[in-house]
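Understanding the architecture of this molecule
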Protein chains: 2
Amino acid sequence: MPSRKILLDEEEMPKQWYCILPDLPKPLPPTIEPAKKAPGPGIVPLIFPKEIIAQEFSKDRWVDIPEEVREIYRIWRPTPLYRAVGLEKALKTPAKIYYKYEGTSPSGSHKPNTAVAQAYYNMKEGKERIATETGAGQWGSAIAFGCMTFKLDCTVYMVRVSYDQKPYRRVMMELWDAKVHPSPSTKTEAGRKILKEDPESTGSLGIAISEAVEDALTHEEANYGIGSVFNHVLLHQTVVGLETKKQLEKVEDYPDVIVGCIGGGSSFSGLFTPFYYDKVSGKAPKDTRFLATEATACPSITKGEYMFDHGDTARITPLIKMHTLGHDFIPPPIHAGGLRYHGIAPILSMLAQEKKIETRAYDQVEVFDAARLFAQTEGLVSAPEPSHAIKGAIDEALRCKETGEEKTILFMLCGHGHFDMQAFDDYLQGKLLPYEYPEEEVQKSMKRLRELYPWIDTLPY
Amino acid sequence: MPSRKILLDEEEMPKQWYCILPDLPKPLPPTIEPAKKAPGPGIVPLIFPKEIIAQEFSKDRWVDIPEEVREIYRIWRPTPLYRAVGLEKALKTPAKIYYKYEGTSPSGSHKPNTAVAQAYYNMKEGKERIATETGAGQWGSAIAFGCMTFKLDCTVYMVRVSYDQKPYRRVMMELWDAKVHPSPSTKTEAGRKILKEDPESTGSLGIAISEAVEDALTHEEANYGIGSVFNHVLLHQTVVGLETKKQLEKVEDYPDVIVGCIGGGSSFSGLFTPFYYDKVSGKAPKDTRFLATEATACPSITKGEYMFDHGDTARITPLIKMHTLGHDFIPPPIHAGGLRYHGIAPILSMLAQEKKIETRAYDQVEVFDAARLFAQTEGLVSAPEPSHAIKGAIDEALRCKETGEEKTILFMLCGHGHFDMQAFDDYLQGKLLPYEYPEEEVQKSMKRLRELYPWIDTLPY
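Residues numbered from 1 in each chain as written. Chains lettered and ligands numbered in written order. Predicted model: local features only at pLDDT ≥ 70, side-chain atom pairs only at ≥ 80, totals over all residues. Heavy atoms only, no water.

**Some thoughts on the overall build of chain A**
This is how it is decided: Numbered from the N terminus, helices here are DSSP runs of H or I no shorter than four residues, and strands are runs of E no shorter than two. When a residue's accessible area, from a 1.4 Å probe over protein chains only, is under 20% of the maximum for its type it is buried; when over 50% it is exposed; and in between it is partly exposed. The contact rule is simple, with two residues in contact once any of their heavy atoms fall within 4.5 Å. All accessible areas in this document rest on Shrake-Rupley with a 1.4 Å probe, and a residue is counted as covered only by the protein chains that are shown. Charge assignment: positive for Lys and Arg, negative for Asp and Glu; neither His nor the chain ends contribute. Positions of charges follow a simple convention, taking NZ of Lys, CZ of Arg, CG of Asp or CD of Glu.
Each helix and strand counted, chain A has 18 helices and 17 strands in total. Looking at chain A as a whole, 64% of its 461 residues qualify as buried. For chain A, restricting intrachain contacts to residue pairs at least 6 apart in sequence, the fraction spanning at least 24 positions comes to 77%. Looking at chain A as shown, the accessible area adds up to about 16900 Å², and 51% of this sits on carbon and sulfur atoms. Chain A carries 55 positive and 64 negative side-chain charges, and their two centres are separated by 2 Å.

Here is the structure:
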């Protein structure tokens, strides 16, 4: 019987992150400032520390992880790699299934990997506070933890409906000394404007982003923190994949396929890009496939168009080349937690466009079916987001069963579901139904975007 | 900088549990059947498998852990031992603080250590179902998991007020295929009787126990499962302390004091009794102290009397010699989660009576203060129950700071607090107040017990 858990000592934790930028098939397109109809960074340099900006455009393949950050990582890192012995048995598959589990972190997901780093660089450059937004609180709780470790203040604009209906991650943030405001709030111009129009507004992630960015822009002591999409966030997450490579080396194995879920894309990228490096540098023993899974309710990479769009609803960010459902996308009222963002990280979008990664969308019912089987065979209650990856891994394992191939499947279990039990209750009570975001809605959004910026298709990138 | 985590490989997991019975200062008194006013096992042999009964009275110091149980243990065991680097630094103590963390188990506490074993022995002896009770669901979710792993059905009588107000652990049980009934239910005579008197009854643990035991007694295919107090439960939990000994050996350390919280007493016993064995067998390098902490709101061991009493409110169990607040104790409406039982495991009660262990009670405000400091320094959100142990460890560490002693403190962190965020919210909002259960209430209970059984003080045990 193989070991279920493959563990590393703290000394085996990576000392550098891997930056994929030099290894992309071609350079990332620049961001575009709509007013100039030309390349420009927009507000980006005004709300991030210099070191983060440098990482955003790094030409170095390897970036040192500061010792102070590694010291905090040691609270929960290295994280365990599990062999899914129980799941393999239940599926009767000849495939070997492994999963990297990030749920043992303080906030219960992979998010602190970047939150701690962001807090460190802000502290280092003399900032006293980070402002950010959060939906249900997964990212908010991570940055609250990160700020606390480096004695920064933390202001979180939390979407009002979550603030009212899902208070438990708010409590976690407050336990770590963050100041949490329901958004729209009276703290910002953006919030006050919305509240004037609709005093009962339940908020949206777009509004919360606007508030957090305005807060950072208008306060000298504060910067902004972000939980996904940006290159530097994907960079910080590579500690996950680098650990996993060492863990698989210990059992003399290597993945044939790597599966992850994508909201913005940072957890999946964190796991697979170090293996992508093996492939492009000729070091990979196998022609590994990379499979990104997402929700049919928010099919950014499978149905979205690869074009320039804003990263936020309020159009504060510059235009970014990525797969998008349109910056005015309103997520349908379904679960799937964090997988509700209209765009996808530019790095991941390009890799999909260049056919370096595969993509697949699943509906919420089949995703919760997979989570249930996983809980019953592996004992772990997974968050809805990584349950998309579980579903993807199960499908790959079942295909191996048909073909008789003894492939090695690796997937990312980026967090536990202890704060998502309402979704599991709805599922068990049969209240969840399959849902597909309509193709024509995407086309309408793209039409609106082209009406807004008629020159957008003439950009030479 | 020392490692924060001391890990074991799966092969290093203990192969035997440690049974303290042969090493007690004197034999445990027998249980008494009130009708006979004489020793007798009461219903005990009717609701447990033979192997469990044998373990309950084991004369063997070492009991083999079945290979099938170890195979399931491997899902989460061995669990990590942490060096509390962050807490030590915050306290500026010369003491070294370690904690054994059981929150990585499927249900998030130490409870599956015995749930899996109980399910195994029931399956082995041909039973098809386990019936049990649960309050907020910590034990219920563990036994649901245990039953699922050995394909037993599981019926959980869950106190109605928790069933309605704290649904998330119910969802976890259902995800693992348990059938959960709000108690009082219409499924049993006991439940129906209560509902007839009060259709709006919100239930109590005492009622739920009556329902579960009646279910087991009246159904041939079913047995009863219990989460603490009984000798066999304490036995199964010793896997915790045996692992910890190996982990401390790896860093060449040994505890001067071991701290745990006690509800029934199984988690604390699981940690300290293997070290107690060292002491009585002359193998201990230090004169280790053992400190049990409990809630001032339910001060069973610090204020309760050491005498014969029933284990349940409905007087179904035989009389057990233990520290008790009286079987008609009604817990005050405070938090502190599982630490609400009127009695204490007979083994632990005798050790306290014989001055082999120390005891201390803390109020809920100082306990949550300790949990907050712990979350801020170690990153982990602890359950309210083990936060009593955190408080105890902090007090010991602060005493070392005063005296300058470099003692080694070990405590039991038996579970995470992800399902207790409402309690943390109440604490942060200042809604929790110190509370001490009145001494005179204990005296009244004892008076009622002596009126019920006037011969109780004449028993020669």
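**Topic: the sheet that holds strand 8 (residues 129-134) of chain A**
Whenever strands of a sheet pair, they do so through backbone hydrogen bonds, lying parallel or antiparallel. All names here are of chain A. Put simply, the rule reads: The pairing criterion for strands is at least two bridges between them, as found by DSSP. Whenever a helix is involved, its axis is fitted only over the stretch in contact; in every case the axis is a line through C-alpha atoms, and angles between N-to-C directions fall within 0 to 180 degrees.
The parallel open sheet is built from 4 strands, whose spatial order is 10-9-8-11. Either end of the sheet is taken by a strand with one partner, and the two such strands are strand 10 (179-183) and strand 11 (222-224). Averaged over all pairs of adjacent strands, the angle between their axes in this sheet comes to 25°, without regard to strand direction. Strands strand 8, strand 9 (153-159), strand 10 and strand 11 of the sheet are contacted by helix 10 (residues 205-218), whose axis makes an angle of about 170° with strand 8.

**What to know about the relation of the copies chain B and chain A**
Between the two copies of this chain, the relationship is a rotation about some axis together with a displacement along it. Here is the rule we go by: To superpose the copies, least squares is applied to the C-alpha atoms of every residue with a pLDDT of at least 70 in both.
Under the fitted operation, chain B is carried onto chain A by 0.0 Å of movement along the axis and a turn of 180°, and the coordinates agree to an RMSD of 0.0 Å. Seen this way, the second copy is the image of the first under a two-fold rotation axis. Residue B:His418, judged by its C-alpha, is the member of chain B lying nearest the rotation axis, at 3.2 Å. When the interface residues of chain B are mapped onto chain A, 100% of them again lie at the interface, so the same face is used by both copies.

**With respect to the interface of chain B and chain A**
The line we're drawing: Buried area is understood as the total, over both parts, of accessible area removed when two parts are fitted together, assessed with a 1.4 Å probe. By salt bridge we mean one thing: a side-chain nitrogen of Lys or Arg within 4 Å of a carboxyl oxygen of Asp or Glu. N or O atoms within 3.5 Å of each other form a polar contact, as long as, within protein, one can give a hydrogen and the other can take it, and as long as residues adjacent in sequence are counted only when both atoms are side-chain atoms. Side-chain classes are defined by residue name, with Ala, Val, Leu, Ile, Met, Phe, Trp, Tyr, Cys and Pro counting as nonpolar, Asp, Glu, Lys and Arg as charged, and the others, Gly among them, as polar.
Contacts between the two partners involve 42 residues from chain B and, on the opposite side, 42 residues from chain A. Surface buried jointly by chain B and chain A totals about 4000 Å² across both partners, of which 56% is contributed by carbon and sulfur atoms. At the surface where chain B touches chain A, the tally comes to 8 salt bridges. The closest approach of N and O atoms between A:Asp425 and B:Arg170, which form a salt bridge, is 3.0 Å. Taken together, the connections running from chain B to chain A amount to 24 residue pairs in polar contact (both at pLDDT 80 or more). No other element matches helix 8 (residues 167-175) of chain B, which puts 6 residues into the side of chain B that touches chain A. In terms of residue class, the side of chain B that touches chain A is built from 22 nonpolar, 7 polar and 13 charged.

**Overview of the packing of helix 15 (residues 364-378) of chain A against helix 16 (residues 384-403) of chain A**
Helix-helix packing is characterised by the crossing angle of the two axes and by the distance between the axes. Residue and element names in this part refer to chain A. Put simply, the test is: We call two directions roughly parallel when the angle between them is under 35 degrees, roughly antiparallel when it is over 145, roughly perpendicular when it lies between 65 and 115, and oblique otherwise.
The contact between helix 15 and helix 16 brings their axes to 8 Å, and the two run at 85°. Classed by the angle they form, the pair helix 15 and helix 16 counts as roughly perpendicular. From helix 15, Glu366, Val367, Phe368, Ala370, Ala371, Leu373 and Phe374 reach across to helix 16, where they touch Pro384, Ser387, His388, Ile390, Lys391 and Ile394. The residue makeup of the contact of helix 15 with helix 16, split by class, is 9 nonpolar, 2 polar and 2 charged.

**Overview of the sheet that holds strand 8 (residues 129-134) of chain B**
Residue and element names in this part refer to chain B. Read across the sheet, 4 strands follow the order 10-9-8-11 without closing on themselves; strand pairing throughout is parallel. Edge positions in the open sheet fall to strand 10 (179-183) and strand 11 (222-224), since each of these has one partner strand only. Pairwise comparison of adjacent strand axes, ignoring direction, gives a mean angle of 25° for this sheet. Taken together, the 3 bridges between strand 8 and strand 11 define a ladder with parallel strand orientation. Paired with Ala131 across the bridge in strand 11 is Tyr224. Strands strand 8 and strand 9 (153-159) of the sheet are contacted by helix 6 (residues 138-149), whose axis makes an angle of about 165° with strand 8.

**Some details on the pattern of salt bridges**
One pass over the full model with this rule turns up 74 salt bridges over all chains. Here A:Lys127 and A:Glu220 are joined by a salt bridge, their closest N and O atoms 3.8 Å apart. Within this pair, whereas A:Lys127 is found in the loop between helix 5 (112-124) and strand 8, its partner A:Glu220 is found in the loop between helix 10 and strand 11, the two being separated by 93 residues in sequence. B:Lys447 is the salt-bridge partner of B:Glu451, the closest N and O atoms lying 3.8 Å from each other. Taken together, the residues span about one helical turn, with B:Glu451 and B:Lys447 both in helix 18 (residues 439-452) at a distance of 4 residues. Relative accessible area serves as the criterion here: at 54%, B:Glu451 is assigned to the exposed category. When salt bridges with common partners are traced through the structure, they connect A:Arg4, A:Lys5, B:Glu10, B:Glu71 and B:Arg74 into a single cluster.

**What about the environment of A:Ala178?**
Residues and elements named next belong to chain A. For Ala178, the position within the fold is in the loop between helix 8 (168-175) and strand 10. Between the C-alpha atoms of Ala178 and Cys154, which are 24 residues apart in sequence, the distance is 4.9 Å. Excluding residues within four positions of it along the chain, Ala178 makes contact with Ala144, Cys154, Val156 and Met173.

**Notes on helix 6 of chain B**
Note the following rule: To estimate how far a helix should reach, multiply one less than its number of residues by 1.5 Å.
Its 12 residues place the ends of helix 6 of chain B 17 Å apart at the C-alpha level, agreeing with the 16 Å of an ideal helix rising 1.5 Å per residue. Within helix 6 of chain B, 11 of the 12 residues are buried, which leaves it mostly tucked inside the rest of the structure. For helix 6 of chain B, the secondary structure elements touched by its buried residues are helix 15 of chain A together with helix 3 (67-73), helix 5 (112-124), strand 8, strand 9 and helix 8 of chain B. Trailing helix 6 of chain B by a residue or two, B:Lys151 shows a phi angle of about 55°, which is positive.

**Quick word on the domain arrangement of chain A**
Residue and element names in this part refer to chain A. Heads up, the condition is: As annotated, the domain borders come from an automatic or database domain assignment.
By domain assignment, chain A separates into domain 1 (74-108 + 231-452) and domain 2 (112-224). Domain 1 puts 19 residues into the contact, and the matching count from domain 2 is 19 residues. Taken together, the two surfaces of domain 1 and domain 2 that pack against each other cover about 1600 Å², and 64% of this comes from carbon and sulfur. Considering only the side of domain 1, the residues that lose the most area to domain 2 are Ser107, His236 and Phe419, jointly responsible for 37% of the buried surface there. On inspection of domain 1 and its partner domain 2, the count reaches 0 salt bridges. Seen at the junction of domain 1 and domain 2, the total is 5 residue pairs in polar contact (both at pLDDT 80 or more).

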